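One-letter residues, chain by chain:
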Amino acid sequence: MNKPAVTFIVPVKSTMVTHSWSHFSALFERSLKSILNQTSANFRVVVICHEKPDTTIEHPNVHYLHVDFNPPALLNDNQEVHWSLKEQDKCKKILAGIEFVNENPTPFVMVTDADDCISNRVVEIVEKHSSPEVQGWYFKKGWIYQEGSGIIYLNINNFSTICGSGIIIRPELIEDLIIRHPNLHYAHEKKALNSGQELLPFPIPGTVYSIINGENHYMSSAKVRERIYSKNRTGLARIQGLFKKLNDNRFRILNTKIRKEFGLYKVRYLKDISRNLLFGAKWISVQIVLSKIFSILGQFALAWILLPDDFGKMAMALSITSFAFLFQNFGLQDVLINRGKSFNVLLPLSQSISLVTGLLCLLVTVGLGFLGGIIYEDIQITHLVLIYSLSVPFNALSTVSESKLRIDLRFKEVSKVQIKYDFLNQLLILGLALFSFGVYSFVISPVILSILRLLYLNNLADIKITKRLTLRRWKHLVSNSSWGFLHAASQRVIQQADYLVLGLFVIKATVGIYYLAYSLSVQVIGFVVNSITPVLFPTLMKIPKSRSGEIPPLLVKFVIFLSMAGMPFALWQAATAQPLVTLFLEEKWNPTIPLIQMLSLGIGFSVIGTLWPLSLKLRGDFRKQAKYSIFSALLFLGLIIPFTYAYSVKGTIISVAIFHVFASPFLTIRALKFYGVDWYEVLSPILKYFAISMLVFGFCFFLSREYIENLYLVLLINGIFAPVIYLLILYLSDSYFHELLIMLKAKR
């Protein structure tokens, strides 16, 4: 190609400092299309990047230049420091682009930000007006576009001072615009060169400056308001300043002519978020469905091979290890996801902390195993805990690689790993049980699979296990992890204390009955909640602070959707418990039927309760999350201990149900209040879908119980006919149900 008239230098930030790589890539692709839309083909584009953006555009005029220096490490919450580091990164990439231009000469260069759009007449005008005397141009005029708006503003006086895509200059003079002290940055506001010559005003508005698009590292919504209103002026001076800004920035309707000239179209950020969320939720749903099928089939098969006493021992062993296993994560995954942009910087530290906490957890588990054997007077419980504890260090190290996959929204890979793990786990447990390993079958399998899972996850995330321990900058991870640990510990109390308390007052066989009943009743959590909540946190963390106002309505919709799905699912379990247990299990398990029915009522409300920790994590308020969890755990113990003591297993069931019915909505209301969500916005959908579900499933349950004796027909009415009626009612009368259907039909 002949020497081009203009080389566009496009510095691209690293995936480590983007809020959403897919969204940033979409903005970059729009910008690249606008450059390639020039009326003259006499140009070149040099993209300088750490990672190439996700785009399908291939063009002979486009060259990608990869740099090998480290991207900026954003380790604190100081936005001005972040801006400075990003500017230094951008400036180094500009200089790398100039080196390329020096080797491949061109008369003029134009630095173009990766989210701005360029007029298709830029190269044509440069060719027309260039001469040996012209050193370059600055864009006195340019368009300012708030992403998604139907209005665009024409800045007529000082566009190049606010937009980085506003200078065209000879490459040998670019150093005049590089400020090296105190911090390296590109001074696009300059018009006078060091030689005393002036850049000329460009004849037309040449750039559309995209602001508040979710990826601006400076022009967020807060910065825009600050620049327009916060000038520390009062009275007449403030009014005069406001009129000047209105005069400098004249609004226009965004018409077809402007869109065509600049290649400007909407890049919908929340659409990307919704697609990622739904794509992840679909894959997690597939994982949960398959895993729960494996689990249910495994429970049924093992119920024929093992005794209730075996299930009781395993329930107590799992309860003991679950408390010790809290140390293997130490709240690390949530903190890593919260600080996702700094993951590579924190990788050696996070692996070292995982290894240390994993080994400590192993020692604690061993100690608790001996203590549990003494308390329950059963050495076999000690043996179960000791074997199971061997999986702890491997599970702890897996946290790091799994966090990386979740940060990158690679939910498909995470789901596939878990599906394979659950299938192989149930298969191996069943095989060991058939070979007379008895209750030890439950603990041998997880030890073997934890090692394989670590190796597989590290390979997927492209992570190597560190060979050197490092605790440098440990505060960056541990500061919030301690609160996260207290939250996890308190939640574990709620999940496991019922087994431990019940084990103090009843025989192991009764604990085994309760364990199976609870395992079957919480399938609603597995099918509904676990398909969404693992996706919500990392996906919503991609929404930048400049668009945080869109989070509250999303949380309200999740309350609605979880109520819509969780309430009927819980009542479906209660209605089908009697025919399912009677038809597919031995008579010894019939006592689980009323327990499943009572537990399911409370579990329906606990589905909604999964949102309150999420909403606090999104705000980074790990401390309040821990306090709410501690309150919940104390309330749970305050209910379950006296009720179990007074009424045995029935008291346990009643207290668990009461806790979930009242605590889950209350905590959700409290947490969403910080987002400005009123209590009735939370409570009304919960009560609405509970009432509809009770009406439909209650009627079918009463009808089948009073008038039908054939258990297969009872299962047909409660298991299939009732859900169909419920869905038909929603289809005919509920607008949110139709919105959910539209979302589910969306493709990634």
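Preceding block: the structure.
Cut-offs applied
- Residues numbered from 1 in each chain as written.
- Predicted model: local features only at pLDDT ≥ 70, side-chain atom pairs only at ≥ 80, totals over all residues.
- Heavy atoms only, no water.
- Helix = DSSP H or I, 4+ residues; strand = E, 2+ residues; numbered from the N terminus.
- Buried < 20%, exposed > 50% of the residue type's maximum accessible area, 1.4 Å probe, protein only.
- Areas by Shrake-Rupley, 256 points an atom, 1.4 Å probe, with all protein chains shown as cover.
- Pairing = 2+ DSSP bridges.
- Contact = heavy atoms within 4.5 Å.
- Axes fitted to C-alpha atoms, helices over the stretch in contact; angles between N-to-C directions.
- Patch = residues over 30% accessible without salt bridge, like charges linked within 9 Å, V, L, I, M, F, W, Y side chains within 5 Å.
- Salt bridge = Lys/Arg side-chain N within 4 Å of Asp/Glu carboxyl O.
- Phe/Tyr/Trp six-rings, centres within 6.5 Å; stacked < 30°, edge-to-face > 60°.
- Parallel < 35°, antiparallel > 145°, perpendicular 65-115°, else oblique.
- Core = buried A, V, L, I, M, F, W, Y, C linked by side-chain atoms within 4.5 Å.
- Right-handed = clockwise from strand over helix to strand, strands pointing away.
- Expected span 1.5 Å × (residues − 1).
- Arc of directions from axis to C-beta.
- Lys, Arg positive; Asp, Glu negative; His and termini not counted.
- Charge placed at Lys NZ, Arg CZ, Asp CG, Glu CD.

**A short note on the overall build of the chain**
- Counting secondary structure elements, the chain contains 26 helices and 14 strands.
- Every one of the 748 residues in the chain was classed for burial, and the buried ones make up 55%.
- As displayed, the chain has an accessible area near 33100 Å², and 62% of this comes from carbon and sulfur atoms.

**Comments concerning the sheet that holds strand β3 (residues 62–66)**
- Spatially, the seven strands line up as an open sheet ordered β3-β2-β1-β4-β9-β6-β12, and their pairing is mixed. The sheet terminates laterally at β3 and β12 (200–201), the two strands that pair on one side only.
- The sheet contact formed by strand β1 (residues 6–11) and strand β4 (residues 108–111) spans four bridges and is parallel. Bridge pairing links Thr7 to Val109 in β4.
- Lying on the sheet, helix α1 (residues 21–36) is in contact with β1, β2 (43–49) and β3; it crosses β2 at an angle near 160°.
- Most of the contacts of helix α3 (residues 122–129) go to β1, to which it runs at about 140°, and overall it touches β1, β2, β4, β6 (136–138) and β9 (167–169).

**Examining a nonpolar patch on the surface**
- Together, Leu355, Val356, Leu359, Leu360, Leu363 and Leu469 make up a nonpolar patch on the protein surface, roughly 540 Å² of accessible area in all.
- Here Leu469 is to be found in the loop between α15 (441–461) and α16 (475–505).

**Considering the packing of aromatic side chains**
- On inspection of all chains with the given rule, the structure shows 15 aromatic pairs.
- Consider the rings of Trp137 and Phe202, whose centres lie 6.2 Å apart with planes at 85°: the pair is edge-to-face. Of the two residues, Trp137 is situated in strand β6 and Phe202 in the loop between β12 and β13 (207–211); the sequence distance between them amounts to 65 residues.
- Judged by its relative accessible area of 4%, Phe202 falls in the buried class.
- An aromatic cluster of three or more residues is present, and its members are Phe108, Trp137, Phe139 and Phe202.

**A word on the packing of helix α12 (residues 379–389) against α15**
- Interaxial distance between α12 and α15 falls to 8 Å at its minimum, and their mutual angle equals 10°. Taken together, the axes of α12 and α15 are roughly parallel relative to one another. Residues Leu384, Ile387 and Tyr388 of α12 form the contact with α15, whose participating residues are Val443, Ile444, Pro446 and Val447.

**Concerning the nonpolar core**
- Of all hydrophobic cores here, the largest spans 56 residues; its most connected members are Met564, Leu618, Tyr689 and Tyr726.
- Ignoring anything within four residues of it in the chain, the contact list for Leu618 reads Phe537, Leu540, Met541, Ile551, Leu555 and Tyr675.

**Things to note about the pairing of β2**
- Taking burial as the measure, the seven residues of β2 include seven buried ones, the bulk of the element.
- Burial along β2 is two-sided: Phe43, Val45, Val47 and Cys49 facing one way and Arg44, Val46 and Ile48 facing the other are all buried.
- Examined bridge by bridge, β1 and β2 share six bridges and lie parallel to one another. Looking at the pairing, Thr7 lines up with Arg44 of β2.
- Taking the sense of rotation as the criterion, the β-α-β connection linking β1, α1 and β2 turns out right-handed.
- Note that β2 and β3 share five bridges and pair parallel. Its bridge partner lying in β3, Ile48 is registered against Leu65.

**Here's the deal with helix α17 (residues 508–521)**
- The end-to-end C-alpha distance of α17, which contains 14 residues, comes to 20 Å, matching closely the 20 Å that a straight helix rising 1.5 Å per residue would cover.
- Buried within α17 we find Val511, Gly512, Ile513, Tyr514, Tyr515, Leu516, Ala517, Tyr518, Ser519, Leu520 and Ser521.

**Some points on the environment of Ser285**
- With respect to the helices and strands, Ser285 occurs in helix α8 (residues 269–305).
- In this structure, the C-alpha to C-alpha distance between Ser285 and Ser415, residues 130 residues apart in sequence, is 8.7 Å.

**Some details on the pattern of salt bridges**
- Under the definition given, this model contains ten salt bridges.
- Across the pair Lys90 and Asp113 runs a salt bridge whose closest N-O atoms are separated by 2.9 Å. One end of the pair, Lys90, is in helix α2 (residues 79–103); the other, Asp113, is in the loop between β4 and β5 (117–118), and 23 residues separate them in sequence.
- Accessibility expressed as a relative area gives 10% for Lys90, which makes it buried.

**A short note on unusual backbone geometry**
- Pro182 follows His181 through a cis peptide bond whose omega is 0°.
- Locating Pro182 in the fold gives a position in the loop between β10 (178–179) and β11 (185–186).

**Notes on α3**
- All buried positions along α3 are accounted for by Val122, Val123, Ile125 and Val126. The arc that holds every buried residue of α3, seen down its axis, measures 165°, which confines them to one face.
- Looking at the packing, one finds that the buried side of α3 touches β1, β2, β4, β5, β6 and β9.

**A short note on a positive patch on the surface**
- Taken together, the side chains of Lys140, Lys141, Arg250 and Arg252 make up a positively charged region of the molecular surface.
- Its relative accessible area of 33% is what places Lys140 among the partly exposed residues.

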